[in-house]
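# Working through the structure, step by step
So you can see what is in the structure, the chains are spelled out below.
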Amino acid sequence: MAFPILHLIESIASEFPASDRNLTLYFPDLDTPAPEGSLNRVFGPPVGVTEMEWPLYPRLGELLAEANALDQWAPGDLRMEHVFTIDLRGIRLLGAPEGARAMLLFLSNATLHRATHRGNMDSAVLFLDEDEAARGLYPGPLPDRSLRRWSRRFALRRIDVPGDVFDPHEDEDSPLARLHDAIWQAPARLGGVPIWVREPEMEPARATHPSRPLVRQPVGLPAPDTFVMQFERRFADVNLGRHGVMYVSGRDAYAQSYDS
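Quick summary incoming for the structure in this document. Since we're looking at a predicted model, the values are computed, not measured.

## So, the pattern of salt bridges
- For the structure shown, the criterion picks out 17 salt bridges.
- The salt bridge partner of Arg-157 is Glu-10, with a shortest N-O separation of 3.0 Å. Remark: Glu-10 occurs in helix 1 (residues 4-13) and Arg-157 occurs in strand 7 (residues 155-161); sequence separation between them is 147 residues.
- Residue class for Arg-157 comes out partly exposed when judged on its relative accessible area of 23%.
- Judged by relative accessible area, Glu-10 falls into the partly exposed class, the value being 27%.
- In this structure, Asp-237 engages Arg-233 in a salt bridge whose closest nitrogen and oxygen atoms are separated by 2.4 Å.
- The partly exposed category is assigned to Asp-237, whose relative accessible area is 44%.
- Looking at Arg-233, the relative accessible area reads 47%, which means it is partly exposed.
- Each of Arg-59, Glu-62, Glu-66 and Arg-114 takes part in one network of salt bridges that share partners.

Written out as C-alpha cells, the structure reads:
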C-alpha cells in the first residue's frame, strides 16, 4: 500500500482537468515493492561505482570523533556513506543530465555531517550513465557505519500536477493550496521546485579549510547546480536537525531545519 499522503496528492490532483496537469512529479514509495530490475534503494550498496570511484571524505576521522563514533571507522577508510540510488530509467527530470540512468547521493556521515549550506563538501551527487549503472551493486564491504543503516528498496510513483501548484496562493482552502500542502507533506519528491527553503546559505566564512569530497577516479555525467529533489528523515534516516529537509541538486545536497 502506498503512503496515505500519496493517495491524497493523487486525489487532489485528479480534481484538475488533464490539460492542466502539465508538471510531472515523482514520489518515492517505500510501501510498494520496487519493480523487477529497479535500482531504487535507500542505504545499502551503491550501484555502478568501483572502489576507485567511491567518493572520499578526507577529514572523516575528525568527523567521527566529533560524533563519538570512532569505533565505526577503519583507519584509512575515508569513504562517504551511500544514502540512496534513484533509478532514472524512463524519467525526465530537470537537473538530471541527458543519458543518466541513476542518481546517487553520498554523505560524509549520515549521523553527523556538515552538509548544512550550499556548496558544502560533505555531500556528493553522482549521475551514472547506462554502462556505468550496468556494473551492478558494489560487491565489496561497506563502511562499518553503513551496515547499521536500514537498507530498503522502493518504487517511484508518478503524479502529474498543475505547474502553478508551486506559486503563492492567497486562498489557503483552494484546490491548488491544498495540493501544495499535500506535496509538502510527502517524505520525498523529485521534480518541481523546493518547498520551505529559506534564503539559500553559502559556505560559512569560518570554513577556511573545507574537506572536499575526493574521487580517485572520476565517474558519472556532469550536471548543473539545479534543484532535483528534497527529502525528509522519513525517507532516509539522515540527521537533518529538528523537522529538517535536505535539498539535492545536480552538484551536492544540504539540509535546513528549524534549529538552523
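Text resumes after the structure shown.
## Observations regarding the nonpolar core
- One finds Met-229 and Phe-231 to be the most contacted residues of the largest nonpolar core, which totals 52 residues.
- When sequence neighbours within four positions are dropped, the list of residues in contact with Met-229 reads Phe-84, Ile-86, Met-103, Ala-188, Arg-189, Leu-190, Phe-235, Met-246, Tyr-247 and Val-248.
- By size, the runner-up hydrophobic cluster in this structure holds 20 residues, among which are Leu-39, Phe-106, Leu-142 and Val-219.

## Regarding empty space enclosed by the protein
- For the structure shown, the criterion picks out one cavity of 30 Å³ or more.
- Its boundaries defined by the atoms lining it, the largest cavity holds a volume of some 50 Å³.
- Lining the largest cavity are Ile-183, Trp-184, Ala-186, Pro-187, Ala-188, Arg-189, Gln-230, Phe-231, Glu-232 and Val-245.
- For the lining of the largest cavity, the secondary structure elements donating two or more residues are helix 4 (175-184), strand 8 (188-190) and strand 9 (227-231).
- Residues belonging to the lining of the largest cavity are distributed by class as follows: seven nonpolar, one polar and two charged.

## Details of the layout of surface pockets
- Considering only enclosed or pocket space, the largest pocket measures out at about 410 Å³ in volume.
- In terms of lining, the largest pocket is formed by 23 residues, of which the most central are Ala-124, Val-125, Leu-126, Gly-250 and Arg-251.
- Counted by class, the lining of the largest pocket contains 14 nonpolar, five polar and four charged residues.

## Some thoughts on a negative patch on the surface
- Where like charges cluster on the molecular surface, the negative patch consists of Glu-170, Asp-171, Glu-172, Asp-173 and Asp-181.
- Position of Asp-171 among the secondary structure elements: in the loop between strand 7 and helix 4.

## Notes on the environment of Asp-29
- With respect to the element layout, Asp-29 can be found in strand 1 (residues 23-29).
- For the pair Asp-29 and Pro-187, spaced 158 residues apart in sequence, the C-alpha to C-alpha distance is 8.8 Å.
- Separated by 2.5 Å, the side chains of Asp-29 and Thr-32 make a polar contact.

## Considerations on the packing of aromatic side chains
- Enumeration according to the criterion identifies seven aromatic pairs in this entry.
- Ring centres 5.7 Å apart and planes at 65° place the aromatic pair Trp-54 and Phe-106 in the edge-to-face group. Highlighted residues: Trp-54 in the loop between strand 2 (41-42) and helix 2 (60-66) and Phe-106 in strand 4 (residues 100-107), separated in sequence by 52 residues.
- A relative accessible area of 1% places Trp-54 in the buried class.
- An angle of 70° between the planes, with centres 5.8 Å apart, marks the rings of Phe-231 and Phe-235 as edge-to-face.
- Stacked on the ring of Trp-54, the Lys or Arg Arg-79 has its end atom at 4.7 Å from the ring centre.
- The ring of Trp-150 carries the charged tip of Arg-152 above its face, separated from the ring centre by 4.0 Å.

Thresholds, definitions, all that
Residues numbered from 1 in each chain as written. Predicted model: local features only at pLDDT ≥ 70, side-chain atom pairs only at ≥ 80, totals over all residues. Heavy atoms only, no water. Salt bridge = Lys/Arg side-chain N within 4 Å of Asp/Glu carboxyl O. Helix = DSSP H or I, 4+ residues; strand = E, 2+ residues; numbered from the N terminus. Buried < 20%, exposed > 50% of the residue type's maximum accessible area, 1.4 Å probe, protein only. Core = buried A, V, L, I, M, F, W, Y, C linked by side-chain atoms within 4.5 Å. Contact = heavy atoms within 4.5 Å. 1 Å grid on protein atoms, 1.4 Å probe; cavity = no way out; pocket = protein on both sides within 12 Å on 5 of 7 lines; lining within 4 Å. Points joined across faces, edges and corners; volume = space filled by probe spheres on them. Nonpolar A, V, L, I, M, F, W, Y, C, P; charged D, E, K, R; others polar. Patch = residues over 30% accessible without salt bridge, like charges linked within 9 Å, V, L, I, M, F, W, Y side chains within 5 Å. Areas by Shrake-Rupley, 256 points an atom, 1.4 Å probe, with all protein chains shown as cover. Lys, Arg positive; Asp, Glu negative; His and termini not counted. Charge placed at Lys NZ, Arg CZ, Asp CG, Glu CD. Polar contact = N/O pair within 3.5 Å; in protein donor to acceptor, adjacent residues only side chain to side chain. Phe/Tyr/Trp six-rings, centres within 6.5 Å; stacked < 30°, edge-to-face > 60°. Lys NZ or Arg CZ within 6 Å of the ring centre and 35° of its normal.

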